[in-house]
Amino acid sequence: MSEIRQPLTVAVVGATGLVGRTMLQILTEREFPIGDLRPMASARSAGSTITVGGRAHTVIEATPDAFEGVDLALFSAGGATSKALAPEAAARGCTVIDNSSAWRMEPGIPLVVSQVNPDDLEAHEGIIANPNCSTMQLVPVLMALRDGPGLERVIVDTYQAVSGTGAKAVRELEGQIRAHAAGEPKEAAVYPHPIGFNALPEIDVFLDNGYTKEEWKVVTESRKILHLPDLRVSCTAVRVPVLTSHSEAVHVETRDPVTPARARELFARVPGVVVEDDPAAHLYPLATRAAGTDEVYVGRVRTDPSVPGDRGLAFWVVSDNLRKGAATNAVQIAEVLVERGWVRRASERAPVGVAGGSA
Ligand SMILES: NC(=O)c1ccc[n+]([C@@H]2O[C@H](COP(=O)([O-])OP(=O)(O)OC[C@H]3O[C@@H](n4cnc5c(N)ncnc54)[C@H](OP(=O)(O)O)[C@@H]3O)[C@@H](O)[C@H]2O)c1
């Protein structure tokens, strides 16, 4: 069987949501080779119109049969939709890049950050997982240390934007800010407490071990992406009243000694990572500046003196949670699949060297 011809038929599932809309925008910005675009959502939005790259498209309901003839589907419509529809899409020959947590830790399903482990995509069998936004911005920076002084232990505390919860949470924060200014009570519906003027150490559900599921995603997903199954990782995930971009305070224990200057050099070599670190000029990564860009920013790099032998580093990592944290990485995965001839699942690809094969 030959590799799929371009341009591709591409579906975006959750096209009316925050991440889905960002996916459509990024596909257009990066001129992804799309012949036919199929924006999909639930029955609620089916029939509505969205404009992509100046062209109006009708939103269609995401049903199993809607994936007939689709080459590639970018899913961003929650875990339940992904669990139900990704296998249906894959059974129809479509390759799914899924943004939910439904498939990430499933053995055999690649979990990929484009500049960290793109080779893991080669063996995909129709479903590929896009990591959690907090993990996404962390692992390119950790990769630099893994491949340099080595990684022993990582402690991450996150400061996560409300857009990570979706469009309703953005409206809730804006409503609470208006209510505060008007001297009215702040209504909380999306979160268990008002997020306005607050910091909530509860993201996703609590697990039996006392961590939240969001915190545990950072632990398990980082290990899988970095191919370090025994890496010691701990995380506290906190929702803060920021609209876009997650920030992270990271403390790392390395195997060998490392200076902040050497760490900055290693970080700067990673594609898509930008070092912003000049405390005297008040220059360090900021959520507001990262918003709307595709890079991961790292700064405040310093020696952590609580680790003996110059093997401790502390730093601050910021990235746009909707772009690199979700949509951009999904599109970058799609780009790798096209460039390397891996759009079709591995078992349906022609072996290298066979006529008609491009893999
Ligand atoms: N925001 C982030 O930073 C981020 C990062 C990584 C991963 N994610 C994940 O991405 C997903 C979406 O996030 P979001 O922020 O875009 O949420 P959102 O703004 O609330 O949008 C949800 C989207 O899913 C669609 N949808 C809901 N139920 C559906 C169904 N049964 N069938 C088909 N479509 C359905 C909605 O369509 P309707 O218009 O029809 O309701 C809408 O397009 C979630 O799984 C989230 O965990 C988000």
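In this report, we go over the structure that sits alongside the text. (Residues numbered from 1 in each chain as written. Predicted model: local features only at pLDDT ≥ 70, side-chain atom pairs only at ≥ 80, totals over all residues. Heavy atoms only, no water.)

This part covers the sheet that holds strand S2 (residues 34-41). The 6 strands are arranged S5-S2-S1-S6-S7-S8 in an open sheet whose pairing can be described as parallel. Every other strand in the sheet has two partners, leaving strand S5 (60-61) and strand S8 (127-129) as the edge strands with one partner each. When strand S1 (residues 8-13) meets strand S6 (residues 72-75), the two strands line up parallel, connected through 4 bridges. Bridging across to S6, valine 10 finds its partner in leucine 72. The strands touched by helix H1 (residues 18-29) are S1, S2 and S6; relative to S1, the strand with the most contacts, the crossing angle is about 155°. (Pairing = 2+ DSSP bridges. Helix = DSSP H or I, 4+ residues; strand = E, 2+ residues; numbered from the N terminus. Contact = heavy atoms within 4.5 Å. Axes fitted to C-alpha atoms, helices over the stretch in contact; angles between N-to-C directions.)

Positive phi outside glycine occurs at glutamate 31, with the angle close to 50°. The phi angle at serine 245 is positive, at roughly 95°, despite the residue not being glycine. Position of serine 245 among the secondary structure elements: in the loop between strand S10 (232-239) and strand S11 (246-254).

Most often, soluble globular proteins keep nonpolar side chains buried together rather than apart. Formed by 57 residues in total, the largest nonpolar core has its most connected members in Phe67, Val154, Phe267 and Phe315. When near neighbours in sequence (up to four residues on either side) are disregarded, phenylalanine 67 contacts Ala11, Val13, Met40, Ala73, Phe75, Leu85, Ala89, Arg92 and Cys94. Residues Val19, Phe32, Ile97 and Ile333 belong to the second largest nonpolar core, which totals 41 residues. (Core = buried A, V, L, I, M, F, W, Y, C linked by side-chain atoms within 4.5 Å. Buried < 20%, exposed > 50% of the residue type's maximum accessible area, 1.4 Å probe, protein only.)

Attention now moves to the packing of aromatic side chains. For the structure shown, the criterion picks out 4 aromatic pairs. Relative to phenylalanine 75, the ring of phenylalanine 67 has its centre 5.6 Å away and its plane inclined at 15°; by these criteria the two rings are stacked. By relative accessible area, which is 0% here, phenylalanine 67 ends up buried. (Phe/Tyr/Trp six-rings, centres within 6.5 Å; stacked < 30°, edge-to-face > 60°.)

The next point concerns the packing of H1 against helix H8 (residues 323-340). Where H1 meets H8, the axes come as close as 9 Å, and the angle between the chain directions of the two elements is 50°. Relative to H8, the element H1 lies oblique. The way H1 lies across H8 gives a crossing that is right-handed. Mapping the contact onto sequence places Val19, Thr22, Met23, Gln25, Ile26, Leu27 and Glu29 in H1 and Arg323, Ala326, Ala327, Thr328, Ala330 and Val331 in H8. Across the contact of H1 with H8, the residue classes break down as 8 nonpolar, 3 polar and 2 charged. (Parallel < 35°, antiparallel > 145°, perpendicular 65-115°, else oblique. Left-handed = near helix turned anticlockwise from the far one by under 90°. Nonpolar A, V, L, I, M, F, W, Y, C, P; charged D, E, K, R; others polar.)

Pairing is mixed in the open sheet, where 6 strands are placed in the order S10-S9-S11-S14-S13-S12. Among the strands making up the open sheet, the edge pair consists of S10 and strand S12 (273-275). The mean angle between the axes of side-by-side strands here comes to 20°, regardless of whether they run parallel or antiparallel. Where strand S9 (residues 151-160) lies against S10, 8 bridges are found, and the strand directions are parallel. From the neighbouring strand, threonine 158 faces S10, where its bridge partner is alanine 237. Contacting S9, S11, S12, strand S13 (296-303) and strand S14 (312-319), helix H3 (residues 133-146) runs over the sheet at an angle of about 30° to S11. The strands that helix H6 (residues 260-268) touches are S12, S13 and S14; relative to S13, the one it contacts most, it runs at about 165°.

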